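Breakdown of the fold
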There are 2 protein chains.
Amino acid sequence: MKRKSGIIFAADLQNEEHLISIISEIADNIDAVKIGYPLVLSSGIQIVKKIKNICDIPIIADFKIMDTSVIATTIVKIALYSGCDGVMLCGVIGPTAISDCIEIAGKNMIFVFTEFTQPDGLINPKLSDDVARIAKDLGAYGIQAPGTKPDRVKRLREIVGSDLTIISCGIGAQGPPPGSAIKAGADFEIIGRAIYDSKNPKFAIKEIEKRISNVLRKNTYD
Amino acid sequence: MKRKSGIIFAADLQNEEHLISIISEIADNIDAVKIGYPLVLSSGIQIVKKIKNICDIPIIADFKIMDTSVIATTIVKIALYSGCDGVMLCGVIGPTAISDCIEIAGKNMIFVFTEFTQPDGLINPKLSDDVARIAKDLGAYGIQAPGTKPDRVKRLREIVGSDLTIISCGIGAQGPPPGSAIKAGADFEIIGRAIYDSKNPKFAIKEIEKRISNVLRKNTYD
C-alpha cells in the first residue's frame, strides 16, 4: 500500500449517498478507505464496488474477525471476492486461523488487530505484544495499533520491525492529533469522524494532511 | 429465551435457498437461530426478516463485536432494527462498551463471548473468567462458552451463576457430542455443520435432540 498522505479514511457513515459524495471529494487526499460493519450492514457488501467505481484506491475491510479458521477464511474470501484489497482480523484468534487467512488472501493484505484504543479494553500490552510477534512470524501484511497510545505504537513497531505496515486508529475524534501515531512509528493513520463530521471535509482533510506532512518531513520515529 | 430442545441452529450456510429450506424443515426442533457474517455478507441483513417469515423463534446475531462503544452500539442498533432478538459481542472490548450495548439493547439479549473453541486461541482462562464476571456484573443476558472445553463451561457457570444464560458453540463438527456442553453447565448448544452438512437434516436433528434430552432428563450439571 503506497503512502502519499498517510491517511486511511474510516468510512463509518451509514448514509450511502453522503459517503459517496465525501469520498469523491477527498479521494485525492487519501491512501485507502477502511470500511466496517455499520456501513456494510446498512448498504450491503456491494458498497465496495460502488466505492471502487469512484476511486481506485485500496479498500480495507475492517471486519475484526473473531472466529475459528473455517468461518474466518470464509469471511476473508467473501471480502476479497467483493472487491476488498485487505481484511482486518483479530490477532487473539491465534496462529492457526491467522495463518489460514494469510494463505487464502494471497497477494491481498491481512492486517492483524492488536489492542483497543479504549482505555478499558481487556487486551493488555503483553497479549498485544504476543499478537504482534505472531503477525510478524506468520508474514501478515500489517498490524493495527492504537493511535490513542503512542507508547504502544512505538513498542509494537519495535516488535514488527520495518517489514510490516502499521495502521493506527483513534486519531482525531478520540483525542490524538493527526501525525501523532505516525510520529510514534505508524505508517498510516485511520481518520473518520474528524473528516466526515466536519462542515467542510475537503478543508478538514487538507489541514490533517498538512499536519501529517510536517511529521513525515522529519522522516524519523520518536 | 425458552428452552425446548436446547438447540440453537448455527445458520452458517451462504446459499439462501438451501438455508431457508433447512430452517423450514427443522424449525420445530430448534430454540433459536444464530446468524453470522458469512451469511449476512452474502445475503444482506434482510435475511433476518426472511427467516422470521418462516419461523417465529429468536434470532441471535453472532457479530462478535470488537469495536469501541460508538461503533459497537451502532452495530447493535442495526442488528435489532433488522429484526434480531439478540447480539453477540466480545467481552474483551471492556466494560464501557459492553454496558453501552446492554443499555441500547433494552429488553433484547446481549451475549458476551468469553473465549475460543480452538485450542490456540489467545484468550486464556483468566481473561475469560474476568470477562464472565464483567458480563454478570453488568447484567448481560448471557455468555458464550466453548463447548469444546467442558471444564471451562463448568467454571464459567460457577462464575455467572444461574442468572445468565450460557450458550455453547463447537458442538458436533468440532468434536464434542451433543449434550456434552449442557451436561457441563450450558443452557443451549449451538450446532450447525452436524445438521446442515447431513444428508438428512431432520433425522440428524432428531438424533441430536434425543441425546440432549437424555442429558436434560437427568437435570443435573456434572
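Look up a bit, the structure's there.
Conventions and cut-offs
Residues numbered from 1 in each chain as written. Chains lettered and ligands numbered in written order. Predicted model: local features only at pLDDT ≥ 70, side-chain atom pairs only at ≥ 80, totals over all residues. Heavy atoms only, no water. Helix = DSSP H or I, 4+ residues; strand = E, 2+ residues; numbered from the N terminus. Rg over C-alpha atoms; globule rule 2.2 N^0.38 Å. Buried < 20%, exposed > 50% of the residue type's maximum accessible area, 1.4 Å probe, protein only. Contact = heavy atoms within 4.5 Å. 1 Å grid on protein atoms, 1.4 Å probe; cavity = no way out; pocket = protein on both sides within 12 Å on 5 of 7 lines; lining within 4 Å. Points joined across faces, edges and corners; volume = space filled by probe spheres on them. Nonpolar A, V, L, I, M, F, W, Y, C, P; charged D, E, K, R; others polar. Salt bridge = Lys/Arg side-chain N within 4 Å of Asp/Glu carboxyl O. Polar contact = N/O pair within 3.5 Å; in protein donor to acceptor, adjacent residues only side chain to side chain. Least-squares fit on C-alpha atoms with pLDDT ≥ 70 in both. Pairing = 2+ DSSP bridges. Axes fitted to C-alpha atoms, helices over the stretch in contact; angles between N-to-C directions. Parallel < 35°, antiparallel > 145°, perpendicular 65-115°, else oblique. Left-handed = near helix turned anticlockwise from the far one by under 90°. Right-handed = clockwise from strand over helix to strand, strands pointing away. Phe/Tyr/Trp six-rings, centres within 6.5 Å; stacked < 30°, edge-to-face > 60°. Lys NZ or Arg CZ within 6 Å of the ring centre and 35° of its normal.

This paragraph deals with the overall build of chain A. The helix and strand tally for chain A stands at 10 helices and eight strands. In terms of overall size, chain A behaves like a compact globule, its C-alpha atoms giving a radius of gyration of 16 Å where 222 residues would be expected to give roughly 17 Å. Referenced to the eigenvectors of the C-alpha coordinate spread, the extents of chain A come out at roughly 45 × 40 × 30 Å. Of all 222 residues assigned to chain A, the portion counted as buried reaches 61%. Summarising the internal contacts of chain A: among those between residues at least 6 apart in sequence, 65% fall at separations of at least 24.

Glancing now at the layout of surface pockets. A volume near 190 Å³ is recorded for the largest pocket. In this structure, the largest pocket is lined by Leu122, Asn124, Lys126, Leu127 and Asp130 of chain A together with Leu122, Asn124, Lys126, Leu127 and Asp130 of chain B. Those elements that place two or more of their residues in the lining of the largest pocket are helix 6 (125-138) of chain A together with helix 6 (125-138) of chain B. Here the residues of the lining of the largest pocket are counted per class, giving four nonpolar, two polar and four charged.

Contacts between the two partners involve 38 residues from chain B and, on the opposite side, 38 residues from chain A. Our count for the chain B to chain A interface comes out at two salt bridges. Here chain B and chain A share eight residue pairs in polar contact (both at pLDDT 80 or more) between them. Only helix 2 (37-43), strand 3 (59-65), helix 4 (69-81), helix 5 (95-105) and helix 6 of chain B provide two or more residues apiece to the side of chain B that touches chain A. Its residues placed into classes, the side of chain B that touches chain A shows 22 nonpolar, 11 polar and five charged.

On to the relation of the copies chain B and chain A. When chain B is fitted onto chain A, the two copies agree to an RMSD of 0.0 Å after a turn of 180 degrees and an axial shift of 0.0 Å. Both copies are brought into coincidence by an operation consistent with a two-fold rotation axis. Minimal C-alpha distance to the rotation axis in chain B is attained by Gly44 of chain B, lying at 2.9 Å. Most of the interface of chain B is mirrored in chain A, where 100% of its interface residues are also at the interface.

With that out of the way, let us pick up the environment of Cys84 of chain A. Residues and elements named next belong to chain A. Residue position: Cys84 is located in the loop between helix 4 (69-81) and strand 4 (86-90). Separated by 32 residues in the primary sequence, Cys84 and Lys52 place their C-alpha atoms 9.1 Å from one another. Look past the residues within four positions of Cys84 in its chain and what remains in contact with it is Ile35, Val48, Ile59, Ala61, Ala79 and Asn108.

Attention now moves to the sheet that holds strand 2 (residues 32-35) of chain B. The strands that make up a sheet pair up through hydrogen bonds in the backbone, lying either parallel or antiparallel. All names here are of chain B. Reading around the barrel, the eight strands line up as 1-2-3-4-5-6-7-8 and close back on themselves, with parallel pairing between neighbours. Neighbour to neighbour, the strand axes of the sheet diverge by 30 degrees on average, direction disregarded. For strand 3 and strand 4 (residues 86-90), the ladder comprises three bridges, and the chain directions are parallel. Each bridged residue has a counterpart across the sheet, and for Ile60 the counterpart in strand 4 is Gly86. The sheet contacts of helix 7 (residues 150-160) involve strand 6 (142-146) and strand 7 (165-169), and relative to strand 6 the element is tilted by about 160 degrees.

Residue and element names in this part refer to chain A. A positive phi is found at Lys64, a non-glycine position, where the angle reads about 30 degrees. Its place among the elements puts Lys64 in strand 3 (residues 59-65). What makes Lys64 buried here is its relative accessible area of 7%.

Let us now look at the packing of helix 4 of chain A against helix 5 (residues 95-105) of chain A. Residues and elements named next belong to chain A. Running from N to C, helix 4 and helix 5 point in directions that differ by 25 degrees, and their axes come no closer than 9 Å. Here helix 4 is positioned roughly parallel relative to helix 5, judged by the angle of their axes. For the element pair helix 4 and helix 5, the recorded crossing hand is right-handed. In this structure, helix 4 uses Ser69, Ala72, Thr73, Val76, Lys77 and Leu80 to contact helix 5, whose residues at the interface are Ala97, Asp100, Cys101, Ile104 and Ala105. Here the contact of helix 4 with helix 5 is built from residues that sort into seven nonpolar, two polar and two charged.

With that settled, consider the pairing of strand 5 (residues 109-113) of chain B. The two faces of a sheet get side chains in turn, since along a regular strand they alternate between them. All names here are of chain B. With five of five residues buried, strand 5 lies mostly within the body of the structure. Going residue by residue along strand 5, you find Met109, Phe111 and Phe113 tucked away on one face and Ile110 and Val112 tucked away on the opposite face as well. Sheet analysis places strand 4 next to strand 5, joined by five bridges and oriented parallel. Each residue of the ladder has a partner; that of Met88, found in strand 5, is Phe111. With helix 5 bridging strand 4 and the parallel strand 5, this β-α-β connection has right-handed handedness. Pairing between strand 5 and strand 6: three bridges, direction parallel.

A few words now on the side chain of Ser69 of chain A. Residue and element names in this part refer to chain A. You can see Ser69 is positioned in helix 4. Reaching out from Ser69, the side chain makes a polar contact with the side chain of Asp100 at a distance of 2.4 Å. Apart from residues lying up to four places away in sequence, Ser69 is in contact with Ala97 and Asp100.

Now for the packing of aromatic side chains. One pass over the structure, following the stated rule, counts nine aromatic pairs over all chains. For the ring pair Phe113 of chain A and Phe116 of chain A, a centre distance of 5.2 Å and an interplane angle of 65 degrees mean the geometry is edge-to-face. Assessed through its relative accessible area of 2%, Phe116 of chain A is described here as buried. Each member of the aromatic cluster is reached from another via a ring pair, and the members are Tyr37 and Phe63 of chain A together with Tyr37 and Phe63 of chain B. The ring of Tyr81 of chain B has Lys49 of chain B lying over it, and the distance from NZ or CZ to the ring centre is 5.9 Å.

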